[in-house]
Amino acid sequence: MNHTIALITGANKGIGQEIARQLGRQGIVVLLGARSLCKAEQAAAELQAEQIQAYPIELDITDDRHIQEAAKKIKAEYGKLDILVNNAGIYLDHEGDGVEMLRRSFDTNFFGAYALTSSLLPLLKESPAGRIVNQSSILGSLGTIMSDEMYAGASAPGYTTSKAALNAWTAQLSIQLRGTNVKVNACHPGWVKTEMGGAGAVMEIDEGAETAVYLATLPSDGPSGQFFHKQEALPW
Ligand SMILES: NC(=O)c1ccc[n+]([C@@H]2O[C@H](COP(=O)([O-])OP(=O)(O)OC[C@H]3O[C@@H](n4cnc5c(N)ncnc54)[C@H](OP(=O)(O)O)[C@@H]3O)[C@@H](O)[C@H]2O)c1
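In this text, all values refer to a predicted model and were calculated from it rather than measured experimentally.

Peer 1: Help me out: how do you make sense of the pairing of strand β3 (residues 54-58) in this one?
Peer 2: Residues in a regular strand project their side chains so that they alternate between the two faces of the sheet. Here strand β2 (residues 29-34) runs beside β3; their pairing, made up of five bridges, is parallel. Bridge pairing in β3 places A34 opposite E58.

Peer 1: Help me out: how do you make sense of the layout of surface pockets in this one?
Peer 2: Summary: where empty space remains is shown by rolling a probe the size of a single water molecule over the atoms. In this structure, the largest pocket encloses a volume near 1200 Å³. Around the largest pocket, the lining comprises 44 residues; the ones closest to its centre are A88, G89, I90, Y91 and M196. Mapped by element, the contributors of at least two residues to the lining of the largest pocket are α1 (14-24), α4 (99-125) and α6 (157-176). Roughly 150 Å³ of volume is contained in the second largest pocket. The wall of the second largest pocket is formed by 13 residues, among which T4, D82, I83, S127 and A129 lie closest to the centre. Counted by class, the lining of the second largest pocket contains six nonpolar, four polar and three charged residues.

Peer 1: Just to check I follow, could you spell out the packing of aromatic side chains for this structure?
Peer 2: For any pair of aromatic rings, the description rests on two quantities: the centre-to-centre distance and the angle between the ring planes. Tallied over the entire structure, the rule returns nine aromatic pairs. Measuring from ring centre to ring centre gives 6.4 Å for F106 and F111, while their planes differ by 50°; the resulting arrangement is tilted. Residue class for F111 comes out partly exposed when judged on its relative accessible area of 44%. Measuring from ring centre to ring centre gives 6.3 Å for F110 and W169, while their planes differ by 85°; the resulting arrangement is edge-to-face.

Peer 1: I would appreciate a short explanation of the sheet that holds β3 in the present structure.
Peer 2: Two orientations exist for strands paired in a sheet by backbone hydrogen bonds: parallel and antiparallel. Here eight strands make up an open sheet; going across it, the order is β3-β2-β1-β4-β5-β6-β7-β8 and the pairing mixed. The sheet terminates laterally at β3 and β8 (232-234), the two strands that pair on one side only. Neighbour-to-neighbour, the strand axes of this sheet turn through a mean angle of 25°, independent of strand direction. Where strand β7 (residues 227-229) meets β8, three bridges bridge the pair, whose relative direction is antiparallel. Bridging across to β8, F228 finds its partner in A233. The strands touched by helix α2 (residues 37-48) are β2 and β3; relative to β3, the strand with the most contacts, the crossing angle is about 175°. Packing of helix α3 (residues 64-78) onto the sheet brings it into contact with β1 (5-8), β2 and β3, and relative to β3 it is tilted by some 145°.

What counts as what
Residues numbered from 1 in each chain as written. Predicted model: local features only at pLDDT ≥ 70, side-chain atom pairs only at ≥ 80, totals over all residues. Heavy atoms only, no water. Pairing = 2+ DSSP bridges. Helix = DSSP H or I, 4+ residues; strand = E, 2+ residues; numbered from the N terminus. 1 Å grid on protein atoms, 1.4 Å probe; cavity = no way out; pocket = protein on both sides within 12 Å on 5 of 7 lines; lining within 4 Å. Points joined across faces, edges and corners; volume = space filled by probe spheres on them. Nonpolar A, V, L, I, M, F, W, Y, C, P; charged D, E, K, R; others polar. Phe/Tyr/Trp six-rings, centres within 6.5 Å; stacked < 30°, edge-to-face > 60°. Buried < 20%, exposed > 50% of the residue type's maximum accessible area, 1.4 Å probe, protein only. Axes fitted to C-alpha atoms, helices over the stretch in contact; angles between N-to-C directions. Contact = heavy atoms within 4.5 Å.

If you want it as structure tokens, here you go:
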């Protein structure tokens, strides 16, 4: 059977595992990437118990060897990739504002997503409807950083600049992908009750996964090169 195949990074917990669950419920085969194979196996087993076709992949997106192995495995087993959700992310700004913290923020939030996507693009182009979702944040929006709205007071140079870079690259990649079957969009999940979002967040995890799932399953006349929250385009 010609299944739809999705890879979700940082899928061992939080929004990533829930994106995998919601895609899996649609009959999509979900590959759960996690930097610990053991955690990927555990998260996949939880979804398998819900009758979802879920499989673990060891994938630290800052590790080039993991990226190459994942690409090789997906090529050998499926010959294509239909959906890539670059969900893995970190927030390190509580550690201060040194250059080292910024580098590590960029390594995961920007370079990791960039390197993984670059390696998987040939497989995404083999799909009749390739979809890339870059899990960003409203904190990566320059307009939001400069606004008087609720997030304006937050000082988080590592997180905001690495997510802004992810946004800029999303727009850039969409131009590169014009005329192909692959769409790419950036996603703001909302403020979600996860380890990163904290208990004070306003959204439950299932709601926080909805925007990425919407973008991962866009129809052929859907948008590309935009930034979304809940099916609504946001300003960059
Ligand atoms: N929660 C919010 O309110 C919120 C708001 C806006 C945007 N976001 C974005 O949504 C995404 C998911 O966040 P979340 O709230 O679900 O956070 P979370 O519960 O902290 O989960 C983050 C996930 O990313 C993984 N990860 C971190 N570095 C990685 C690496 N180098 N390679 C592979 N995986 C890595 C983590 O793995 P480990 O378990 O190994 O650490 C974990 O699975 C992030 O990109 C975040 O920036 C979240």
